Amino acid sequence: MTTTKGNPAEPLRLLAVHAHPDDEASKGAAMMASYAAAGVSVMVATCTGGERGGIQNPAMEGDPHSSRDMGGARRLEMAKAAAILGIEQQWLGFADSGLPEGDPLPALPAHCFALTPLEIAAAPLVRLVRRFRPHVIISYDENGGYPHPDHIMAHKVTVEAYHAAGDPGRYPGTGAAWEPQKLYYDLAFNPQRFRALHFALEEAGLASPYAQRLAAWLEADTEGHTPPVGSHPATTQVDCGEYFEKRDDALRAHATQVDPAGFFFAVTPEMQRKVWPWEDYSLIDFRVPTTVPENDLFAGLR
Ligand SMILES: [Zn+2]
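Computed from a predicted structure; not experimentally measured.

Each value, and the rule that gives it
Residues numbered from 1 in each chain as written. Predicted model: local features only at pLDDT ≥ 70, side-chain atom pairs only at ≥ 80, totals over all residues. UniProt positions renumbered as here; feature names shortened; annotations may be inferred. Buried ≥ 20, exposed ≤ 12 C-beta atoms within 10 Å, placed from the backbone. Contact = placed C-beta atoms within 7 Å. Axes fitted to C-alpha atoms, helices over the stretch in contact; angles between N-to-C directions. Helix = DSSP H or I, 4+ residues; strand = E, 2+ residues; numbered from the N terminus. Parallel < 35°, antiparallel > 145°, perpendicular 65-115°, else oblique. Nonpolar A, V, L, I, M, F, W, Y, C, P; charged D, E, K, R; others polar. Left-handed = near helix turned anticlockwise from the far one by under 90°. Pairing = 2+ DSSP bridges. Right-handed = clockwise from strand over helix to strand, strands pointing away.

J.: If you had to explain the UniProt feature "binding site: Zn(2+)" (unreviewed entry) in the chain to someone new, which residues and values would you point to?
T.: Here the UniProt-annotated "binding site: Zn(2+)" (unreviewed entry) positions come out as His-20, Asp-23 and His-151. Spatial clustering of the annotated residues is evident: they stretch over 132 residues in sequence, but the largest pairwise C-alpha distance comes to 9.5 Å. Judged by the 26 C-beta atoms lying within 10 Å of it, His-20 falls in the buried class. Apart from residues no more than four positions distant in its own chain, His-20 is found in contact with Thr-46, Thr-48, Gly-50, Gly-53, Asp-96 and Asp-150.

Put into structure tokens, the structure is as follows:
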């Protein structure tokens, strides 16, 4: 058991909040598997059921279960992924907002997660924080990491829960107050990581799927930063290369959403371990003394 500094009987706990089932596998899966293996209690909160997702894997086209009941199929996929990573998972029970496409963009569906008033949308997460009592909480940045309305809403409810759960006057009826100690944003799309992988592929004479993405970042960076930097700095790198195979297995468990021949598997785990054996985070708020850069999300808590 990995315990806290103040109380040797108290295990460390990590809560990662995600918008859809499969987000936990594409953002921070190896980090979570490595902490779980080291005795940390790891919980994923999944805001929506992902029931408006389409089939992203050609091999699953026409699959009877997901064609009839996408939400049900994704619950089974999520259970498989959680077992692979060795983590607990809880659904927060909101309806997937879907990714609006077209010009003009269509309205979001009634009663979806992204249209739920913040205090209602955050209440199940506050309840979970007060029950699970995480020391560390991880979310997306204010742009959702990727601009899906559910990802932006996942960011909002996480920041709300992080700040409100410790205040006994807020969210009455959702359990005893618990104050999480550190808040991080996930940097799975850290441009520096893609850049390093891109050049390693080129150097090895392999095709890079990142060329376009890098070009777009360079263009978008109005301050002329080279290499491209994200809006939040990487303060914390968790060495978890040993768990990249588990992360890939967890991704493949989301069979309706992940094409085993796709983007996520463009670079072998061996090459990733050589080039970028970390998963990256940005420390946003902390209530324990710590100094950056860190190599442990629990720095200051052990
Ligand atoms: Zn998502």
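J.: Any details on the packing of helix α4 (residues 70-85) against helix α9 (residues 244-253)? Residues and values, ideally.
T.: Across the interface, α4 lies against α9 with an axial gap of 8 Å and an inter-helix angle of 170°. With respect to their mutual orientation, α4 and α9 come out roughly antiparallel. Residues Glu-77, Lys-80, Ala-81, Ile-84 and Leu-85 of α4 form the contact with α9, whose participating residues are Lys-246, Asp-249, Ala-250 and Ala-253. Split by residue class, the contact of α4 with α9 holds five nonpolar, no polar and four charged.

J.: Any details on the packing of helix α5 (residues 118-132) against helix α6 (residues 149-164)? Residues and values, ideally.
T.: At a minimum axis separation of 8 Å, α5 and α6 run at an interaxial angle of 55°. Of the possible angle classes, the one that applies to α5 and α6 is oblique. As α5 runs across α6, the sense of the crossing is right-handed. Taking contact as the criterion, the partners of Leu-118, Ala-121, Ala-122, Leu-125, Val-126 and Val-129 in α5 are, on α6, Met-153, Lys-156, Val-157, Thr-158, Glu-160, Ala-161 and Ala-164. Of the residues contributing to the contact of α5 with α6, the split by class is 10 nonpolar, one polar and two charged.

J.: Before we move on, could you go through the pairing of strand β5 (residues 182-186) and cite the residues and values that matter?
T.: Across the five residues of β5, five count as buried, placing the element largely inside the fold. Covered by surrounding structure in β5 are Lys-182, Tyr-184 and Asp-186 together with Leu-183 and Tyr-185, the residues of both alternating faces. Across four bridges, strand β4 (residues 136-139) lies against β5 in parallel orientation. Residue pairing across strands places Ile-138 opposite Tyr-184, the latter belonging to β5. Since β4 and β5 lie parallel, the crossover through α6 that links them has a hand, and here it is right-handed. Sheet topology note: the β5/strand β7 (residues 278-286) ladder contains five bridges and is antiparallel. In the strand pairing of β7, Leu-183 is matched with Asp-285.

J.: Describe the sheet that holds strand β3 (residues 88-94), with residues and values.
T.: Strand order in the open sheet formed by seven strands is β3-β2-β1-β4-β5-β7-β6, and the pairing between neighbours is mixed. Edge positions in the sheet fall to β3 and β6 (236-239), since each has one partner strand and no second. Neighbour to neighbour, the strand axes of the sheet diverge by 30° on average, direction disregarded. Along the sheet face, helix α2 (residues 29-37) touches β1 (13-18), β2 (41-48), β6 and β7 and points at about 145° away from the line of β2.

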